[in-house]
Amino acid sequence: MSSLRIAALVLAAQVMRPCPAGAQSALSGETIRISRAVAAITIDGDLSDEGWRGATRIERWYETQPGDNTEPKVRNVGYLTFDDRFLYAGFEFEDPDVGSIRAPYADRDDIGNGYDDYGGILLDPRNTGNNAFFFVVTPRNTQYDSVMDDASGEDASPDFFWQSATRITARGWTLEMRIPFASLRYRNVDPQTWSILLYRNYPRDYHYQFFSARLPRGGNCFVCRSNTLVGLEHLPAGGHIVAAPYVSASAFAHPRDDLGSPLVRDPVKPHVGLDVKFTPNADNALDFTVKPDFSQVESDVAQISANERFALFFPEKRPFFLEGVDLFQTPIQAVYTRTITAPRWGARVTGKEAGIRYTALVADDGGGGSVILPGPNTSSLAAQDFGSTVFVARAKRDIGLSFVSVLVTDREGHDTRSHNRVLGPDFTWRPSGSDAVTGQWLFSETRTPDRPALAAEWTGQSFSSHAGMVTWSHSTTHFDALGKYKDLGNQFRADTGFVPQVGYRETFGFAGWTFRPTGAITRLRTFLNADHQVDRSGALISRTVEPGFGMDTRLNGFMQFRYIDDEIRAGDRRIGRRQFGYIAQFSPSRRVAQLAVDGTTGQEIDFVNARPGSGTTINLSARLNPTDHLDVSLVQNQRWVDVDDAVGQRQRLFISRVSRVRGTYTFTSRLFVRGIVQYVSTDRDPSLYASATSAVSGTLGGQALFAYKLNWQSVMFIGYGDDRELTDRDRFEKLDRQFFVKLSYALQR
């Protein structure tokens, strides 16, 4: 057993010492007492069932935006009850103008980035005061669920089994929710004490939010403000199992020889697999998968990579990794499950014992994809043409609204004698409702593959290093501030994480002051950001000073304007840059659901050739709903940089574009068809580059999808994809073509 694993066991033993359960504090909202339903409840959007008659009625709500815990603009009533298997929540949401309700038909989790009407509950079954499930529904019965953590934020990737139904009436709309206790994780005690927060999102001339508890301005936690929920007793103790077998098939076609040659169709590739989740008790879950289906049914939104110094991040979308996903989120992102590119099998255990939340994952990764090779000023990628076994574990002990945890990751290369092991603690300390201190320290030990043809540093060498970070934040009604210090060694590696920059020390801070005017602007925040990075020798990497202001406005709007004064090292040069940055977002109406623009303009840096220039980045997006069933999303992003040529004339170095159109027609909340067209291109002037480069590059991709979903794990997909490569300014060549079909069904007991 290696010394790193021994250290992990010792540190985990210290973290896992028992501690008292529960996290009630003076920050919690009023207590709500729930009672058992007196009769059956049918989930159909009609709250006249006999079972609702004895339900707890919640009529006290608070407007927390734009108001400061004031009487809500419209009336809201909530109902809570339960039976042997389910928790029930019902709502009556009044609306003086039913025609203004914003609720197009949409796929699961698509609730318009906060610009649609919806309502539901935030539920903390373990009564942690910092971690909760979030269940909301739109008036068209589009479900959204997520995991909320006061330390790491919200993650909408996980999906859960639950039911809902809605009705739009002459007075507003109604909602019924039925959440199986088997979908939740709670302690095996009787009676139970949970936390809950009832919620309504109401976008009209302004963005209104209503809650069942007060949310004081300037607080540094959200889940901690929930109402205490008592009265739950004799709940199921576990023993629930879900098996989700799937079958899928795909067929590819690729050029026989070079681009432009006829396409050759590959044989159809069938895939069969199985995902199993077993909950031996209400607080723990076991996940197993054999040949898991980690295919994505929608392509990632492309990002402009030209003139970027570090690798780009794409979110995780694969279900197997999403049980207790918040446990993978730490201040330094040492876990990024998309680095497990082609798992053959996987197993996980997640739960809570003796006051300790934990998760442990092991997977056999077949390889493929790329590995990030980090550096102080830039990062690069190396092909991962070998498999590995991956192990990730984290244990987290709550201490009131604070916590301490330990993380360990281990990636052992197959047939390469390579490995990367990372170990260390992290914590959050909340001494008051306005202050929080967060920190993490990691140690890594690495042996690279002996593959110098793939990466110069892959010579089979061994090295070790560290990474550390500490952050302090303070927030009051008007004043907020943050200070952060990071220190990452030159040879720190997190091959199972996303750490594209190492070998530097960083000091970052900001301070802001918020005004609350009345009228067209409801919130105005002025701020000053400052950042300073140096390498291990003390040489400057970058420094930034950024004053600005942002505001909430009419039309559900947000605008921000800032002046950017920075200096960045490019190659061996330090180059100054002054820019104007801006953000503007609005939701004008039901049909024009969202308009957004952001970007920068002014002086720019040519990082490839290490010289100053000028340039602009502009990102445009829109979401349109021509009908309640049709959603059209548009993206147009551009970046260009101009530099001086040999005679001092300003010339265009490059221009990069991302254009994306996505159209979705949703027949019901279960059935939709979707089409996507995405064009990514870069035009360059090779004469302005120090080394040889192509004049043009790009891809044109299209995707069509038919989808039917009984629930998030019982689905049928039929899709087609076509990708072409841009080889000349006006010429595309076939790159590949794909047809795929998938059928899965979740069996529950």
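Let us look at the structure shown here. (Residues numbered from 1 in each chain as written. Predicted model: local features only at pLDDT ≥ 70, side-chain atom pairs only at ≥ 80, totals over all residues. Heavy atoms only, no water.)

**Things to note about the side chain of Arg200**
So, point 1. Among the secondary structure elements, Arg200 is positioned in strand β12 (residues 193-203).
So, point 2. Among buried Asp, Glu, Lys and Arg side chains, Arg200 stands out as unpaired, with Asp95 the closest opposite charge at 4.1 Å.
So, point 3. A polar side-chain atom of Arg200 sits 2.8 Å from a polar atom in the side chain of Asn76. (Helix = DSSP H or I, 4+ residues; strand = E, 2+ residues; numbered from the N terminus. Buried < 20%, exposed > 50% of the residue type's maximum accessible area, 1.4 Å probe, protein only. Lys, Arg positive; Asp, Glu negative; His and termini not counted. Salt bridge = Lys/Arg side-chain N within 4 Å of Asp/Glu carboxyl O. Polar contact = N/O pair within 3.5 Å; in protein donor to acceptor, adjacent residues only side chain to side chain.)

**With respect to the pairing of strand β33 (residues 573-586)**
So, point 1. Strand direction decides the pairing type here: strand β32 (residues 557-570) and β33, joined by 13 bridges, are antiparallel. When the sheet's bridge partners are listed, Ala570 is paired in β33 with Arg573.
So, point 2. Taking the residues that link successive antiparallel strands as the turn, the β32-β33 hairpin has two residues, and the phi of Gly571 there is positive, at about 65 degrees. (Pairing = 2+ DSSP bridges.)

**Some thoughts on the sheet that holds strand β10 (residues 163-169)**
So, point 1. Ordered by their spatial adjacency, five strands build an open sheet running β2-β4-β5-β11-β10, and the pairing between neighbours is antiparallel. At either end of the open sheet lies a strand with only one pairing partner, and these are β2 (56-58) and β10. Sheet twist, expressed as the average angle between the axes of neighbouring strands with direction ignored, equals 15 degrees.
So, point 2. As defined by bridge partners, strand β5 (residues 86-94) adjoins strand β11 (residues 172-180) across nine bridges and the pair is classed as antiparallel. Bridged to Glu92 within β11 is Thr174. (Axes fitted to C-alpha atoms, helices over the stretch in contact; angles between N-to-C directions.)

**Some points on the side chain of Lys486**
So, point 1. Within the secondary structure layout, Lys486 lies in strand β28 (residues 479-488).
So, point 2. Within the buried set, Lys486 has no salt-bridge partner at all; the shortest N-O distance to an opposite charge, 4.4 Å, is to Glu506.
So, point 3. In contact with Lys486, other than residues within four places in its own chain, are Gly468, Met469, Tyr504, Arg505 and Glu506. (Contact = heavy atoms within 4.5 Å.)

**Some remarks on the state of the cysteines**
So, point 1. Counted by the stated rule, this structure contains one disulfide.
So, point 2. For Cys221, the disulfide goes to Cys224, at an S-S distance of 1.7 Å. The disulfide joining Cys221 to Cys224 has a torsion of about 70 degrees about its S-S bond and is therefore right-handed. Each member of the pair, Cys221 as well as Cys224, is classed as buried. (Disulfide = S-S within 2.5 Å.)

**Digging into the pairing of strand β30 (residues 521-535)**
So, point 1. Pairing of strand β29 (residues 504-515) with β30 involves twelve bridges; the strand directions are antiparallel. Paired with Tyr504 across the strands is Asp535, a residue of β30.
So, point 2. Bridging between β30 and strand β31 (residues 540-553) involves 13 bridges; their strand directions are antiparallel. If you follow Asp531 over to β31, its bridge partner there is Thr544.
So, point 3. The antiparallel pairing of β30 with β31 creates a hairpin that spans four residues between the two strands, and Gly538 there sits at a positive phi of about 95 degrees.

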